[in-house]
Amino acid sequence: MSEPGPGITVGPLPPRHPEAGFDEDPLRVLQEGHRRHGPVFRMPVDGVDTVLVGTWPGLGDLFGAERGRLEVLNTPLVHDLFGRALFNLTGDGHGQARRLLRPALSGRALHAYVPALLEVTAPVAARWAQSGGLDLYGAARSATGAMSARVLLGIAPGSAEGAAFAGYFERFVAATGAPAGARRRASGRYWTGRVARRRLHALFARQAAAVGRDGEGSVLARLVPAFEGAPKVAGPLEDHLLALLIAARETTASLVTWCLVELAGNRDQAVLAAADARRALREPGLLLDREELPVLRAVLAETLRLHAPNLLSMREAVCPVTLGGHLVPAGARVAYSPSAGHFDPAVFPEPGTFRPERFLGGEVSASRLWAFGGGAHACLGRPLAELMALAIVTSVLGQGLPYLPDGPPTRIRHRPAKAPVNPLPFTLVRQESGS
Ligand code: HEM
């Protein structure tokens, strides 16, 4: 759909849906909204009237209409902290930046990242196995941070630069929780984050200077030559690196957490996935072969279906646009939920049940999932995200089967990424040989 052409009548504003219960169980409210009103409806989100788009046809419509009509809605805080990072760019600059960044995050580039990732995940998994009990989400965040530092920036695990990076990055991330508008300037967190941003930029420059010595096998090593002489509209490399680091962190930690939560509750699937993991540890190249490790891949797909890390992605209509036959005026806030179509029983029978086997044997394809978004701003790091998640889950299952002594999380938050609210005790149980 697009701007209405001459002689074309547009429908009324999208119907309203009550937001009651959204804070406690947002997916239930979104699904109910789509069940009652179809792919497009209106509802206040955080007190602001928002056009919600979901379901398979709704997202197809949205991504078709997006270019030139909808822009990513980022707050003044996000613009300040991330500068001209990919998700803050529009039009030609955005397209050029994506073209420059993509080769370092997909395709042949991934081959060099496999040993680099396993170099991080093998000792992490061994520590998890030795620990008498740890907080799963905290441990997954820390492992994801170490993987990102290694593979995005070329920082060796356990190095002094790694510790410095972790400290600056935590302060930078904390600043994203400062007030989003003008009041941010009265917030200590905001100013601490601004200092951390400068320190991270200096650290990126040091790593870039080291490229060719110890920066081999990193995204940074590939991006330094790609951005030499790049047009200014494509934005500076250091801002893009901050975008990659933030985009990789909470989402991938969320995916790893829910994958292990589900495997802890589904022993048969865990045993089958562990057999795939042992093969991958013997032959790491299999991590990049989409025809191999079918159970592990199906487990990740089913986790993305049931537990898509991102709840909502925000847009603003920069001109009038019709979505699902409804008029959306310029200036309206629009949001899509990647996972609001993941529970359609016509596509995913028994939608509330963890059934990885639905992705084996042709019942349904993982291409029906929207967890990585779509359209102009679709996740650029998807292949790397999948590789990172496979690497850590493989290393962990190589040590034992996941076990949650207190059971699965009971309180869940959905933003910035889906995660348990409280610490989640977790251990690994060694498998008897042959079991
Ligand atoms: C399980 C892990 C991940 C999930 C579920 C995920 C999901 C998403 C989604 C839904 C979007 C679209 C946002 C929108 O429409 O506004 C997105 C964008 C993006 N993601 Fe990911 N992501 C993941 C991991 C990663 C990783 C590892 C990287 C890079 C290393 C990455 C880099 C990006 C970037 C740069 C964008 C912005 C693209 C643009 O604005 O053009 N993501 N991601």
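Since the model is a prediction, treat every value here as computed from it, not as a measurement.

Peer 1: Explain the overall build of the protein chain to me, please; I cannot follow it from the model alone.
Peer 2: Along the backbone of the protein chain there are 13 helices and twelve strands. In terms of overall dimensions, the protein chain is globule-like: its C-alpha atoms have a radius of gyration of 22 Å, near the 22 Å expected for 435 residues. Its C-alpha atoms give the protein chain principal-axis dimensions of roughly 70 × 50 × 40 Å. Counting only residues that meet the buried cut, the protein chain has 53% of its 435 residues in that class. Sequence-distant contacts, at least 24 apart, represent 71% of the contacts inside the protein chain between residues at least 6 apart. Here the protein chain displays about 18,500 Å² of accessible surface, and carbon together with sulfur accounts for 54% of that area.

Peer 1: Just to check I follow, could you spell out empty space enclosed by the protein for this structure?
Peer 2: Leftover empty space is mapped by rolling, across the atoms, a probe with the size of a water molecule. Across all of its chains, the model carries one cavity of 30 Å³ or more by this definition. By volume, the largest cavity is sized at about 60 Å³. The wall of the largest cavity is formed by L27, R305, L306, H307, A308, P309, N310, L311, S339, F343, H414 and K418. Here the lining of the largest cavity is built from residues that sort into six nonpolar, four polar and two charged.

Peer 1: What should I look at first to understand the pattern of salt bridges in this one?
Peer 2: In this structure the tally under the stated criterion is 21 salt bridges. Of the charged contacts, one joins D80 and R184 as a salt bridge, the two residues approaching to 3.0 Å between their closest N and O atoms. Of this pair, D80 sits in helix 3 (residues 76-82) while R184 sits in the loop between helix 7 (160-175) and helix 8 (188-210), and the two are 104 residues apart along the sequence. Look at the salt bridges and you will find they share partners, linking R141, E170, R249 and E250 into a network.

Peer 1: How should the environment of N422 be read in this particular structure?
Peer 2: Along the polypeptide, N422 turns up in the loop between strand 11 (419-420) and strand 12 (425-429). For N422, a relative accessible area of 40% translates into the label partly exposed. Sequence separation between N422 and D135 is 287 residues, and the spatial gap between their C-alpha atoms is 8.9 Å.

Peer 1: For this particular structure, what's the right way to read helix 12 (residues 294-306)?
Peer 2: One full turn of an α-helix is made of 3.6 residues, so residues set three or four places apart face in the same direction. The terminal C-alpha atoms of helix 12 lie 18 Å apart, and with 13 residues this matches the ideal 18 Å at 1.5 Å per residue to within 8%. Burial analysis of helix 12 places twelve of its 13 residues in the buried class, which makes it a mostly covered element. Among the residues making up helix 12, those that are buried are V295, L296, R297, A298, V299, L300, A301, E302, T303, L304, R305 and L306. Buried residues along helix 12 sit in contact with helix 10 (237-265), helix 11 (267-282) and helix 13 (382-399).

Peer 1: Explanation requested: the sheet that holds strand 8 (residues 333-336) in the structure shown.
Peer 2: Sheets are built from strands paired through backbone hydrogen bonds, the pairs being either parallel or antiparallel. Reading across the sheet, the five strands line up as 1-2-8-5-3 and stay open at both edges, with mixed pairing between neighbours. The sheet is open, and its two edges are formed by strand 1 (40-45) and strand 3 (70-72), each paired on a single side. The mean angle between the axes of side-by-side strands here comes to 40 degrees, regardless of whether they run parallel or antiparallel. Examined bridge by bridge, strand 1 and strand 2 (residues 48-53) share six bridges and lie antiparallel to one another. Looking across to strand 2, one finds that P44 is bridged to D49. Along the sheet face, helix 1 (residues 26-37) touches strand 1 and strand 2 and points at about 145 degrees away from the line of strand 1. Sitting on the sheet, helix 2 (residues 56-65) is in contact with strand 2, strand 3 and strand 8, with an inclination near 130 degrees to strand 8.

Peer 1: I keep staring at the coordination of the iron atom of the ligand and nothing clicks. Help me out?
Peer 2: Perfect tetrahedral coordination of a metal by four donors corresponds to 109.5 degrees between them, and perfect octahedral coordination by six donors corresponds to 90 or 180 degrees. What the protein offers the iron atom of the ligand as a donor is a single atom, C379 (SG), at 2.3 Å. Inspection of the secondary structure assignment puts C379 in the loop between strand 8 and helix 13.

Peer 1: Could you clarify how one ought to interpret the site of the ligand in this entry?
Peer 2: Around the ligand, 27 residues are found, and the nearest of them are R98, R315, Y336, H377 and C379. With respect to the ligand, the side chain of R315 contributes an N or O atom lying 2.6 Å from an oxygen atom. In this structure, Y336 approaches the ligand through a side-chain N or O atom, which is 2.5 Å from an oxygen atom. Considering each element in turn, the shell around the ligand owes the most residues, six residues, to helix 10. Its residues assigned to classes, the shell around the ligand shows 17 nonpolar, eight polar and two charged.

Peer 1: Sorry, what's going on with the packing of aromatic side chains here?
Peer 2: We describe a pair of aromatic rings using the distance from one ring centre to the other and the angle between the two ring planes. Applying the stated criterion across every chain, the model contains ten aromatic pairs. Pairing F82 with F87 gives two aromatic rings, centres 5.3 Å apart and planes at 70 degrees, and the pair type is edge-to-face. By relative accessible area, F82 is classed as buried at 3%. Here F87 falls in the partly exposed class, since its relative accessible area comes to 24%. The rings of F82, F87, F165, F169 and F172 are connected pair by pair, giving a single aromatic cluster. Of note, R305 hangs over the ring of F343, and the distance from its end group to the ring centre comes to 5.8 Å.

Peer 1: For this particular structure, what's the right way to read the layout of surface pockets?
Peer 2: Considered as a void within the structure, the second largest pocket measures approximately 400 Å³ in volume. Taken together, 20 residues make up the lining of the second largest pocket; nearest its centre are R290, R297, A298, A301 and A366. Those elements that provide at least two residues to the lining of the second largest pocket are helix 12 and helix 13. Per-element tally for the lining of the second largest pocket: the top contributor is helix 12, with six residues. A per-class count over the lining of the second largest pocket returns twelve nonpolar, two polar and six charged.

About the thresholds
Residues numbered from 1 in each chain as written. Predicted model: local features only at pLDDT ≥ 70, side-chain atom pairs only at ≥ 80, totals over all residues. Heavy atoms only, no water. Helix = DSSP H or I, 4+ residues; strand = E, 2+ residues; numbered from the N terminus. Rg over C-alpha atoms; globule rule 2.2 N^0.38 Å. Buried < 20%, exposed > 50% of the residue type's maximum accessible area, 1.4 Å probe, protein only. Contact = heavy atoms within 4.5 Å. Areas by Shrake-Rupley, 256 points an atom, 1.4 Å probe, with all protein chains shown as cover. 1 Å grid on protein atoms, 1.4 Å probe; cavity = no way out; pocket = protein on both sides within 12 Å on 5 of 7 lines; lining within 4 Å. Points joined across faces, edges and corners; volume = space filled by probe spheres on them. Nonpolar A, V, L, I, M, F, W, Y, C, P; charged D, E, K, R; others polar. Salt bridge = Lys/Arg side-chain N within 4 Å of Asp/Glu carboxyl O. Expected span 1.5 Å × (residues − 1). Pairing = 2+ DSSP bridges. Axes fitted to C-alpha atoms, helices over the stretch in contact; angles between N-to-C directions. Donors = N, O, S within 2.8 Å, 3.2 Å for Na, K, Ca; no water. Near = heavy atom within 4 Å. Polar contact = N/O pair within 3.5 Å; in protein donor to acceptor, adjacent residues only side chain to side chain. Phe/Tyr/Trp six-rings, centres within 6.5 Å; stacked < 30°, edge-to-face > 60°. Lys NZ or Arg CZ within 6 Å of the ring centre and 35° of its normal.

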